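# Breakdown of the fold
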Amino acid sequence: MTSKEIRSTFLEFFETRGHRIVPSAPIVVKNDPTLLFTNAGMNQFKDYFLGNRMPADKRVVDTQKCLRVSGKHNDLEEVGVDTYHHTMFEMLGNWSFGDYFKKEAIEWSWRLLTEVYRIDPDQIYVTVFEGDEKEGLPFDQEAYDEWLKWIDPERVLKGNKKDNFWEMGETGPCGPCSEIHVDCRSKEEREEFDGRNLVNEDHPQVIEIWNNVFMEFNRLKDGSLQELPQKHVDTGMGFERLVRVLQQKNSNYDTDVFSGTIEAIEKICDIGYQGGDSREDIAFRVLADHIRAVSFAIADGQLPSNTGAGYVIRRILRRAVRYYYSYLQSEYALLYRLVPLLSDQFKEVFPELDKQRDFVAKVIREEEETFLKTLEKGLKKIDEVIRHSKEKTIIDGQTAFELYDTFGFPIDLTRLIASEKGFSVDEGGFEREMQKQKERSRAATAIDTDDWVVLREGGRGEFVGYHDLLIETEVARYRKIKVKDKTKYQIVLSATPFYAESGGQVGDQGVLVFGEETIAVTDTKKENELIVHMVDKLPTDINSKLVAQVDMQKRLNTSYNHTATHLLHAALKEVLGDHVGQKGSFVSPDILRFDFSHFSKLSEEELVRINRLVNSKIRENILVETEEMPKEKALSLGATALFGEKYGDEVRVVMIDPAYSIELCGGTHVPQTGMIGVFTIVSESAVASGVRRIEALTGPAAFNYFTEKISQSKQIAELLKGSNPLKAIEDMINENHQLKKEVEKATLDKVKTLRDELAVSADDIGGINFIARKVDLDHADTVKKLAFSLKNSVDRLFLVLGADIQGKPHLSVMISDDLIKEKGFNASVIIRELAKEINGGGGGQPFFASAGGKNVEGLQRAIDKGRTLLVDS
Ligand code: SER
């Protein structure tokens, strides 16, 4: 079977058993503070397990794009070195939300593997949870009994908590699990050495392919386990491993999931892949793996950047660049050339990449090129360190850390380069610096969250704020959090008018009024599906009824900006073309910011057209209609959906004249465009490769902006006394230019005259031409010019110049090169001595140094001291 057939067989097998096929969630996670990336198929279903949300279907099947490069599940360092770990991988999963349990899950996984995929039962081992005394968890007898219906007892192994109790993270849903391992060794090898002993031993041929998790608990912050309201099944099969087993290969990279990419790299680099352990082969695997993670993350909206998820993507990309640069002898960007191939390969299952292939390739190319330059700089830095260390042959920890932190050099690269030059790296010192940085970033971002205190089961904070901004409601749950050592609280209400930050629109602010007591809501955020209100304190009586009231003016201003954002998005497509796609959006009461894919700076003419178009749509006073409808219907109407956004089956559609703008959007809008009043673009800039940003104002903010601009122009006109302001300013600029030139020329003449005058005034002190003088110049630069000019015209020169520069004393010393060699003079030492007289300090080089100070009175003394120093030397 081809990998495509293997994937569809899985989906269909469960579809015929009552499961609904659902799409993969985006690889980049929003609305979950515990995760940056989807690291397991179950992430998108977390709220179903916890009982925070009811699923539409109790049985679901999918293939999920996962990334395990940060947090609890991190495989990055293994990737490429071995043949079966990946950064991005597909996880095939079947799910039961409070429906079937161990019996069906086990039977179906057995039947699929042995009857459909036809894996030899003699190659299969399964594990069950042995129990854990400390946790008070028993042996999983039920799973064990179910397995015995299918498989020889010899092949059922007991596993401990580490391998057989699956947890999503430090907290969250978890439960005992049963893994399925396949022994891919030859028959002879299997007969010779029992595979039982190789399970979970990191043997490259005896690998886990599928994990069946029986979700029964929620791990709380205090470490205890709380039983879930219902029992669920979460299974995850590593797609790339399954393909490898079925295609009978020794490595995931030899399957048709990766072979196309590997061949393309072979062609680009003109090196053959041998499939072994050499550095070249590892590099091939690193590239073939990393390009997937990077491409899909960008397609899902995560651009490489310097923080958070963006930084993780940047590091993965850099790891790949470093491998091809070091081991495949490629100094040119090449990853981006693999994007079209990946797009084609995954067109049917993950179309988001194909739809943005040029954009993704462009972003990757620019990142690669920038890092290749940095790599060169980093290599120079290492060279410098090596050249300057006279006796030591160690690269100190701080330098190694700087290379890592600033230049993106992983420690093994520094180690490698160092060893080539006979150097070693102070690893302990490096580790200490790393530790310090970790502590710094932990302190900067540390959020410590308590468990929820649930007052009303099932209260999920239903959002009623499209129509109501003030309602009577009650607290459903709350908890304490610590942000950078400050205690705050989060509150979930039974129903709420507060809009939680999402789709770029900021969270509402407002108040919760508990009887006499008013508590300010500083922000509203979503955590998975919960709407969380941020407050600085709790009310005295949290159980009392309360009135929740949104700050209406702020909400209104935000709505102007949100509707205007849709008008802008449509205008950009109309003026610039259909390639324009939303890459980021920020909608607040004060400003709107819209990032979009487009490859060049917008011309003034384009900006004017966009501004005009948006304003004409405002004046048309179009009705803004919102409607819930099935996603398919919305898409068939031509609605704009965003990549990297997770949509349910029912979507909310915002229409502003169906022929002009239809978008899937959960935000708040004005009922008619006329309410926006006016729209104006205030800036256009680049944010990343291929991504432009427009900032704009609407309504009262735009009005204030115009008022200020008009008043500014009036003031300018007044200053220019009635003349045509543009012409007057142009004349002034020209005149200024001319004057500058004249001043420069005058200064140069003055320097020349002074030089000629000083050159003939030199005293011969022991064969040295000594000149010392206080000169009448008002710029340090001019003094410097004079010094250099004298150096060129007087041999064996020892020069001390003093100047009063706008009330501040200034000294310079210039010494001819031959005197430096002959006498060992050093201008920067001498200047420090002289500067004492002017209460100052300075420095420079052996031939020229300068100093500033506080005491002008001391200038002459300093100049005289120059002579004494020379005479005494
Ligand atoms: N959640 C389990 C895992 O990620 C099974 O899907 O391994």
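Residues numbered from 1 in each chain as written. Predicted model: local features only at pLDDT ≥ 70, side-chain atom pairs only at ≥ 80, totals over all residues. Heavy atoms only, no water.

Here we come to the pattern of salt bridges. This model, assessed by the stated rule, comprises 56 salt bridges. Between D183 and R185 there is a salt bridge, with its nearest N and O atoms 2.8 Å apart. Using a relative accessible area of 7% as the deciding quantity, one classes R185 as buried. Ionic contacts of the salt-bridge type, sharing partners, join the residues E833, K836, E837, R861 and K865 into one network. (Salt bridge = Lys/Arg side-chain N within 4 Å of Asp/Glu carboxyl O. Buried < 20%, exposed > 50% of the residue type's maximum accessible area, 1.4 Å probe, protein only.)

Bringing the sheet that holds strand 33 (residues 768-775) into the picture now. Read from one edge to the other, the open sheet built from six strands follows the order 32-33-34-35-37-36, with strand pairing classed as mixed. Bordering the open sheet on either side are strand 32 (763-765) and strand 36 (841-844), each of which pairs with just one other strand. Averaged over neighbouring strand pairs, the angle between their axes works out to 20 degrees when direction is ignored. Note that strand 33 and strand 34 (residues 797-805) share seven bridges and pair parallel. By the bridge assignment, A772 is partnered in strand 34 with V800. Relative to the sheet, helix 24 (residues 827-835) contacts strand 34, strand 35 (808-815), strand 36 and strand 37 (848-852), its axis offset from that of strand 35 by approximately 150 degrees. Packing against the sheet, helix 25 (residues 859-872) makes contact with strand 32, strand 33, strand 34 and strand 35, and its axis sits at approximately 175 degrees to strand 33. (Pairing = 2+ DSSP bridges. Helix = DSSP H or I, 4+ residues; strand = E, 2+ residues; numbered from the N terminus. Axes fitted to C-alpha atoms, helices over the stretch in contact; angles between N-to-C directions. Contact = heavy atoms within 4.5 Å.)

On inspection of all chains with the given rule, the structure shows 33 aromatic pairs. Consider the rings of F129 and F165, whose centres lie 5.6 Å apart with planes at 50 degrees: the pair is tilted. On the criterion of sequence distance, the pair formed by F129 in strand 6 (residues 124-129) and F165 in strand 8 (residues 165-167) is long-range, its members being 36 residues apart. Since its relative accessible area comes to 1%, F129 is described here as buried. F165 gets classed as buried once you look at its relative accessible area, which sits at 5%. (Phe/Tyr/Trp six-rings, centres within 6.5 Å; stacked < 30°, edge-to-face > 60°.)

Attention shifts here to the sheet that holds strand 31 (residues 691-698). Think of a sheet as strands paired side by side through backbone hydrogen bonds, with each pair either parallel or antiparallel. One open sheet holds the four strands; their spatial order is 25-26-31-30, and the pairing between them is antiparallel. Bordering the open sheet on either side are strand 25 (582-587) and strand 30 (679-688), each of which pairs with just one other strand. Adjacent strand axes in the sheet meet at a mean angle of 15 degrees, parallel and antiparallel pairs treated alike. Of the pairings in the sheet, the one linking strand 30 to strand 31 comprises eight bridges and is antiparallel in character. When the bridges of strand 31 are listed, E684 appears paired with I694.

So far we have only geometry, and geometry alone does not tell us how the molecule works.
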